[in-house]
Amino acid sequence: MSKQYIRVKNDGFIYDYSDRLAAHPDCEVISEQEAYPERFITPFISERINEVVQPKRGRKPSKGLDLATDIPDEPVYTDPELAAEAAKGWPE
């Protein structure tokens, strides 16, 4: 027979089996397979899980990233009238 565990009905927390916890009304006795189903996965199921989680795809070749840019700096435009007005009173 497989190992037994205790599951708390309120929050689902699992403990190792003890007679004291088994007598508690908020606890239930469960089998190891029910407590830890991931330990009993067959190879077939494992392959199916891997296909769903990580579908088989060919790997794309690495091309590298070209981060170079050819953006020219914009010339600073200043209205000549505004520049003349702002320069009033400056020494030449």
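What counts, and at which threshold
Residues numbered from 1 in each chain as written. Predicted model: local features only at pLDDT ≥ 70, side-chain atom pairs only at ≥ 80, totals over all residues. Heavy atoms only, no water. Helix = DSSP H or I, 4+ residues; strand = E, 2+ residues; numbered from the N terminus. Buried < 20%, exposed > 50% of the residue type's maximum accessible area, 1.4 Å probe, protein only. Contact = heavy atoms within 4.5 Å. Areas by Shrake-Rupley, 256 points an atom, 1.4 Å probe, with all protein chains shown as cover. Salt bridge = Lys/Arg side-chain N within 4 Å of Asp/Glu carboxyl O.

### Overview of the overall build of the protein
Then comes step 1: Within the protein, the secondary structure is distributed over four helices and three strands.
Then comes step 2: Moving toward the C terminus, one meets the helices and strands of the protein in the order β-β-α-β-α-α-α.
Then comes step 3: Every one of the 92 residues in the protein was classed for burial, and the buried ones make up 8%.
Then comes step 4: When contacts within the protein are restricted to residue pairs at least 6 apart in sequence, long-range pairs at least 24 apart make up 26% of them.
Then comes step 5: When the accessible area of the protein is evaluated, it comes to approximately 9100 Å², of which 53% is carbon and sulfur surface.

### Examining the pattern of salt bridges
Then comes step 1: Overall, the coordinates contain four salt bridges when judged by the stated rule.
Then comes step 2: Taken together, the shared-partner salt bridges connect Arg7, Glu28 and Glu34 into one network.

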